[in-house]
Each structure stands twice: as C-alpha cells, then as structure tokens.
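# Results of the structural survey
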Amino acid sequence: MHVQPADTAFVLISAALVLLMTPGLALFYGGMVRAKNVLGTIMQSFIMISVISLEWVYIGYSMSFGPDVGGFIGSLAMFGLKGVGASPNPSYASTIPQVVFMIYQCMFAVITPALITGAFAERMRFWPFMIFSLLWTILVYNPICHWVWGAGGWLKAMGVLDFAGGLVVHLSSGAAALAAAIVLGKRKGYGRETFMPHNLPLTLLGAGLLWFGWFGFNAGSALAANSVAGSAFVATHLAAMSGMAMWILVEWIHRGKPTTLGAASGAVAGLATVTPAAGFVGPNSAVVIGLVAGALCYMGVAAKSRLGYDDSLDVVGIHGLGGFTGILLLGLFASKVVNPGGVNGLLNGNPSFFVTQLVADVVVGVYAFVVSWILLKVVDTLIGLRVTEEAELEGLDLSEHGETAYTM
Amino acid sequence: MKKIEAIVKPFKLDDVKDALNALGIKGMTISEVKGYGRQRGHKEIYRGAEYKVDFLPKIKIEVVVDSSMAQQVIDTIMKAAKTGKIGDGKIFVVSLEEVIRIRTGETGTDAI
C-alpha cells in the first residue's frame, strides 16, 4: 500500500478535468435556453461547485465512502474529512492518498445535481433550487453512491458494476429530472410559443468541454495510470463519436437536415451511455454502445412531447435513458479480457450478470424518482419552487440575479 | 420631401447602398428587422422537433429625399434589390413634414 506518484498525478489531473465539466455543462445548457434565462441557467450549474463541495467535505464523502452501516449508507465517522489524508484507503484505491480519491469523487457529486437543472430550466426560483439540490445530494446521491461504490454497499455486494457513474450520476439525475419536470409543470406558453435555443455556438463549446472533461471522468475512474484507464479512455472517445454519427444520421433521415445541436446531443448521449461500461468493454463494444445511444436517445427525446412533460433540455431522454441503457449494455458486453478485475457479460456467457444489472437499474431509477418527487413536493409546499408569472415572463437573469447577459 | 423605407433581403444591402451612392444620395439609416409577407416563414429543427419560424430577418433602409428625386430612388432600389424570387421585400413612400439638422438648425431640403 504505497502511494504511486504517477497514479496520484493522473487522478489529480482527472479531478481537474471532471471539475471543468460543470462549467462546460453550464454553457451546454445556457446556449439552449432563451436569452433572458442564460445567466440563471448557467448559475444553476455553476453554484453547485460551491454548495456541493462544501456538503461533500463535511458529510457527503463520509456518507458515501465512510464505514458501512447496514449496506445502505456510510457513517459520519469521516465528518469534516476526519482521517482522510495522505495514506491510501485500500477499499477504493491503494496507490493514491485518500484525500486525492476524496477530491476526485467530489467533482462527481458536484456535476450530478447540475445535470438535473436542465429539466426545470427557465422556471425555478434560485434559493428553493439550492435547498432542493443540497437535500437531493444528501438523500439521493450519497446513498446511491454508497450502494454502488462504497465498501459494503448492498448493490456492490450483489455484483453490480458501474465503472464511472451510469447509475450513480446519469440514471439518478435522469430519474430526478423526470420527477422535477412533472412536479414543476410546463413552462408558460409551452406548446404554443416556440422555445428555441438562443446561442448554439455556446452549446457546442459546452459539449466540447464536456467531452474533454469526460476523459477524466471515465479514464480517471480506473484510479490509476494503467491499462484499464487506457481502454476506458478509448471506449469513451469511440462511444462519443459513434453517438454523434448515429444521432445525425437518424435526424437526417427523420427531419431532412443534420443539425449542430444534434451533433452535440449525440456525442453527449454516447458519453453518458458508455460511462458505466468504459473500463469493462473493448473498443468494438464501445462503438456499438455509441450507435445504440445515438438512435435510442434521439427517440427518447422525440417521445417527450407525446408523453406530455416539459423536460426543457432533455435530461431524461439523454442522461436518464443513456445511463439506464449503458448499465444494461455493460451487462451485455462486459469482458474479462479487457478488464480482468471485472466480469463477463451476457455475450461472454454470463447471463446472470445481465439480470443483476437490470435489477440495479430498476432499484436506482425507482429510488431516485420517488425520493426526488417527495423532496420536490416538500420544498414546493414549504417555500414554493416556481417563479411568479411576471418573473417567468421577464426571465430568470433579471428576476433572480439582477443581471442581463447581453446589452446593446 | 419623401421618406422612402425599403425592406430588402439582408444580402442585398450592399448592392442597394452602392446604387444609391452612385445616384448621389448622401446618407441613409438601416436597421435589422424581422417580418413576413407572402414568403411566410421557414422551419427550423432542434433535437428532432420542427419549429415554424414566421418572422424572417430583413434589412430596413430609410432614405429621405426631395420629392423630385423620389421616383428615381425608388427605381434604383427596385433594380438593386430585386432577385425575382418571393421575399424580395417592399418599398414604402411617406410624405415628410419636416427635417432638421441638429448641429446647425437648418431645416427642409437643406437639412437632408
């Protein structure tokens, strides 16, 4: 159990890359809303860096990775990072200081509630949003993180695999996004007015930053500068590029034009879907995962209007559906040839692993949806989630923050 | 005096400006406007959903001239802005009561 400088340096750099994803997400979302809501939308992602980092160092890390209590949650024995220092924690990563593992995981906790904000974009008050996100991280993110990744977590003990957060990050935020879109209701004028993106170059820049940061997210999840990190890096890139190609192709056939927003959406769909599988599958499987993600998430987004909820920026269709699908595709494609520390999936003769993954998908999806729904209802009843009608008309930039993004 | 307001396709602005300059017109004001006529709008596609956009971007050129020049200016704009396809725009001619140059206080055709 010696600290390896190369592993430590790699995970620290990966942590910085994952941090960059949150501002990247802010721009990705910010470009898709109307000009009067761009700052409000960016702020909802950006502020999570502060709120959730604070939560993480005091209780979040301990709840997620602290000593196990009944398979459900970590105890508060590591409150305020007590005992989290220079020596490694062999349960998680035996060659890097535990404090490095802690800060790397902090960046995951930060971006997950930020992902949800796309569902209620353009209509949520700022401080009820902060209260909800903080409570959500404590009651939804931390427990799920412990079940799947924490030593003693019950899903982990069942044999569930999630390399970099298909369950913990994408399905949990996607299920919460569905609850949020239902509880908050549609934006004023939905279905009558058109809500078109005000700045797609901003969205494309955000997608590029997300893609860049995702290498830290997935390859870094190997927690060492080794061959698993290398194959995860490659799988990440291949799924992103094939997701982009597939989305564009389907869109071209369906609507007659390949769009830039489609390219960005397809790449993000591929990235989200390969996240749980990245370190456990080979390059050909990663390409198939990306192709499936591009087509399926396109259909998921298209289904929104028929299902009748206003998930403004398609968190359900891209992250929820992508995370859910990625967990199942991992059950299909997992290969011990790629990662001897993993398992074989259905196509490599192990059908029981596929079933385990399906169970985890249902458990995490239902838990995240139900608890998010209750939390939103409680916060709504106590302080009200939605901005007033005038504020919604005026835009969040002015009503919530007293600023405007663009002046003549 | 007449104020001539021409709404033209944005890429025709330079042609119209050059043609009016050649005619000796000394100034004009332009603005970016949106509108629709017989051309109606177009459709845009975002994440697989089609949106109908009614208002299309156009350029509005405002020129003020002595009444005797008006027909010549109208003909020039028509010639320069015409593509022959739907959506070429319109010209509105308005009688103008007064023009004042702020710096000198000159009025009427002297101020144009």
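See the structure above.
This text gives an overview of the structure that appears in the document. (Residues numbered from 1 in each chain as written. Chains lettered and ligands numbered in written order. Predicted model: local features only at pLDDT ≥ 70, side-chain atom pairs only at ≥ 80, totals over all residues. Heavy atoms only, no water.)

## Digging into the overall build of chain A
Where we set the bar: Runs of H or I in DSSP of at least four residues are treated as helices and runs of E of at least two as strands, each being numbered from the N terminus. Values of the radius of gyration come from C-alpha atoms, whereas the globule rule sets the reference at 2.2 Å times the count of residues to the power 0.38. Accessibility here uses a 1.4 Å probe with only protein chains present; expressed as a share of the type maximum, an area under 20% marks a residue as buried, one over 50% as exposed, and anything in between as partly exposed. With residues, only the protein chains shown are counted as cover, and all accessible areas are computed by Shrake-Rupley using a 1.4 Å probe.
Within chain A, the regular secondary structure consists of 14 helices and 2 strands. The C-alpha radius of gyration of chain A comes to 20 Å, within 12% of the 22 Å expected for a compact globule of 408 residues. Across the 408 residues that make up chain A, the buried fraction comes to 59%. For chain A, the computed accessible surface area is about 14600 Å², with 71% contributed by carbon and sulfur atoms.

## A few points about the packing of helix H2 (residues 38-65) of chain A against helix H3 (residues 98-116) of chain A
When two helices pack together, their arrangement is captured by the angle between the axes and the distance separating the axes. All names here are of chain A. Which entries qualify depends on this criterion: In this description, a line fitted to the C-alpha atoms serves as the axis of each element, helices being fitted only across the stretch in contact, and the angle between N-to-C directions of two axes falls anywhere from 0 to 180 degrees. Every angle not falling under 35 degrees, over 145, or within 65 to 115 is termed oblique; those three ranges are roughly parallel, roughly antiparallel and roughly perpendicular. Each crossing is labelled by how the near helix is turned from the far one, with a counterclockwise turn of less than a right angle marking it left-handed and a clockwise turn marking it right-handed. Working rule for contacts: check all heavy atoms of both residues, and any pair within 4.5 Å makes them a contact. Under the scheme applied, nonpolar residues are Ala, Val, Leu, Ile, Met, Phe, Trp, Tyr, Cys and Pro; charged residues are Asp, Glu, Lys and Arg; polar residues are all the others, including Gly.
Between H2 and H3, the least distance of the axes is 8 Å, while the angle of their chain directions is 130 degrees. Taken together, the axes of H2 and H3 lie oblique to each other. Considering only the axes of H2 and H3, their crossing is right-handed. Residues Ser45, Met48, Ile49, Ile52, Ser53, Trp56, Val57, Tyr61 and Phe65 of H2 form the contact with H3, whose participating residues are Gln98, Phe101, Met102, Gln105, Cys106, Ala109, Val110, Pro113 and Ala114. Classifying every residue of the contact of H2 with H3 gives 14 nonpolar, 4 polar and no charged.

## Here's the deal with the packing of aromatic side chains
Aromatic rings considered in pairs are described by the distance between their centres and by the relative angle of their planes. The condition that has to hold: Aromatic rings from Phe, Tyr and Trp, taking only the six-membered ring of Trp, are treated as a pair when their centres fall within 6.5 Å; an angle between ring planes under 30 degrees marks them as stacked, one over 60 as edge-to-face, and anything in between as tilted. Lysine NZ or arginine CZ positioned within 6 Å of the ring centre and within 35 degrees of the ring normal marks a charge as sitting over the ring.
One pass over the structure, following the stated rule, counts 25 aromatic pairs over all chains. When the centroid spacing of 5.3 Å and the interplanar angle of 55 degrees are considered together, the rings of B:Tyr36 and B:Phe55 count as tilted. On the criterion of sequence distance, the pair formed by B:Tyr36 in the loop between strand E2 (29-35) and strand E3 (42-46) and B:Phe55 in the loop between strand E4 (49-53) and strand E5 (56-65) is long-range, its members being 19 residues apart. By relative accessible area, B:Phe55 is classed as partly exposed at 47%. A connected cluster of aromatic rings, assembled from ring pairs, spans A:Trp56, A:Tyr61, A:Phe65, A:Tyr92, A:Phe101 and A:Tyr141. Between A:Arg187 and the ring centre of A:Phe195, over which it is positioned, the NZ or CZ distance is 4.2 Å.

## Some thoughts on the interface of chain B and chain A
Test applied: Accessible area that two parts lose when put together, evaluated with a 1.4 Å probe and summed over both, is termed the buried area. The term salt bridge refers to a pairing of a side-chain nitrogen on Lys or Arg with a carboxyl oxygen on Asp or Glu at a separation within 4 Å. Pairs of N or O atoms within 3.5 Å make up the polar contacts considered here, provided that, within protein, one atom can donate a hydrogen while the other can accept it, and that residues adjacent in sequence are counted only when both atoms are side-chain atoms.
Each side of the interface is counted separately: chain B has 11 residues, and chain A has 20 residues. Here chain B packs against chain A, burying approximately 1200 Å² in sum over the two surfaces, 61% of which is carbon and sulfur. Summed over the three residues of chain B that lose the most area to chain A, namely B:Ile45, B:Tyr46 and B:Arg47, the buried surface amounts to 64% of that side. Summed over the shared surface of chain B and chain A, the number is 2 salt bridges. Note that B:Glu50 and A:Arg255 form a salt bridge whose closest N and O atoms lie 3.6 Å from each other. Linking chain B with chain A are 4 residue pairs in polar contact (both at pLDDT 80 or more), by the criterion used here. At the level of secondary structure, the elements contributing two or more residues to the side of chain B that touches chain A comprise E3 and E4 of chain B.

## Considerations on the pattern of salt bridges
Residues and elements named next belong to chain A. Tallied over the entire structure, the rule returns 19 salt bridges over all chains. The residue Asp314 makes a salt bridge to Lys304 at a minimum N-O spacing of 3.0 Å. Separated by 10 residues along the polypeptide, Asp314 in the loop between helix H10 (283-307) and helix H11 (315-333) and Lys304 in helix H10 bring together distant segments of the chain. Of the two residues, Asp314 and Lys304, neither departs from the other in class, the shared state being buried.

## Regarding the packing of H3(A) against helix H6 (residues 166-184) of chain A
Residues and elements named next belong to chain A. The geometry of H3 relative to H6 is characterised by a closest axis approach of 8 Å and an angle of 30 degrees between their N-to-C directions. As summarised for this structure, H3 and H6 are arranged roughly parallel, according to the angle between their axes. Pair H3 / H6 crosses with right-handed handedness. The residues of H6 that touch H3, namely those facing Phe108, Thr112, Leu115 and Ile116, are Val168, Val169, His170, Ser172, Ser173, Ala176 and Ala177. The residue inventory of the contact of H3 with H6, partitioned by class, reads 7 nonpolar, 4 polar and no charged.

## Concerning the side chain of A:Arg34
Topologically, A:Arg34 is positioned in the loop between helix H1 (5-30) and H2. Those residues in contact with A:Arg34, other than ones at most four positions away along the chain, are A:Glu122, A:Arg187, A:Glu193, A:Phe195, A:Met196 and A:His198.

## Thoughts on the sheet that holds strand E1 (residues 2-8) of chain B
Residues and elements named next belong to chain B. What counts here: One requirement defines pairing of two strands: DSSP has to find at least two bridges between them.
Strand order in the open sheet formed by 4 strands is E2-E5-E1-E6, with antiparallel pairing between adjacent strands. With one partner strand each, in any of the chains shown, E2 and strand E6 (89-95) form the two edges of the open sheet. Recorded for the sheet is a direction-independent mean angle of 20 degrees between the axes of neighbouring strands.

## A short note on the environment of A:Ser285
Residues and elements named next belong to chain A. Take Ser285: it is sitting in helix H10. The class for Ser285 is buried, based on a relative accessible area of 15%. The spatial distance from the C-alpha of Ser285 to the C-alpha of Phe333 is 6.4 Å, given a sequence separation of 48 residues.

## Re the environment of A:Gly206
Residues and elements named next belong to chain A. You can see Gly206 is positioned in helix H7 (residues 200-218). The exposure class of Gly206 is buried, given its relative accessible area of 0%. Not counting residues up to four positions away in its chain, the partners in contact with Gly206 are Gly24, Leu27 and Phe28.

## Here's the deal with unusual backbone geometry
Notably, A:Asp314 is not glycine yet its phi reads approximately 65 degrees, a positive angle. Relative accessible area serves as the criterion here: at 5%, A:Asp314 is assigned to the buried category. Here the phi dihedral of B:Arg40 falls at roughly 55 degrees; this positive angle occurs in a residue that is not glycine. Position of B:Arg40 relative to the elements: it lies in the loop between E2 and E3.

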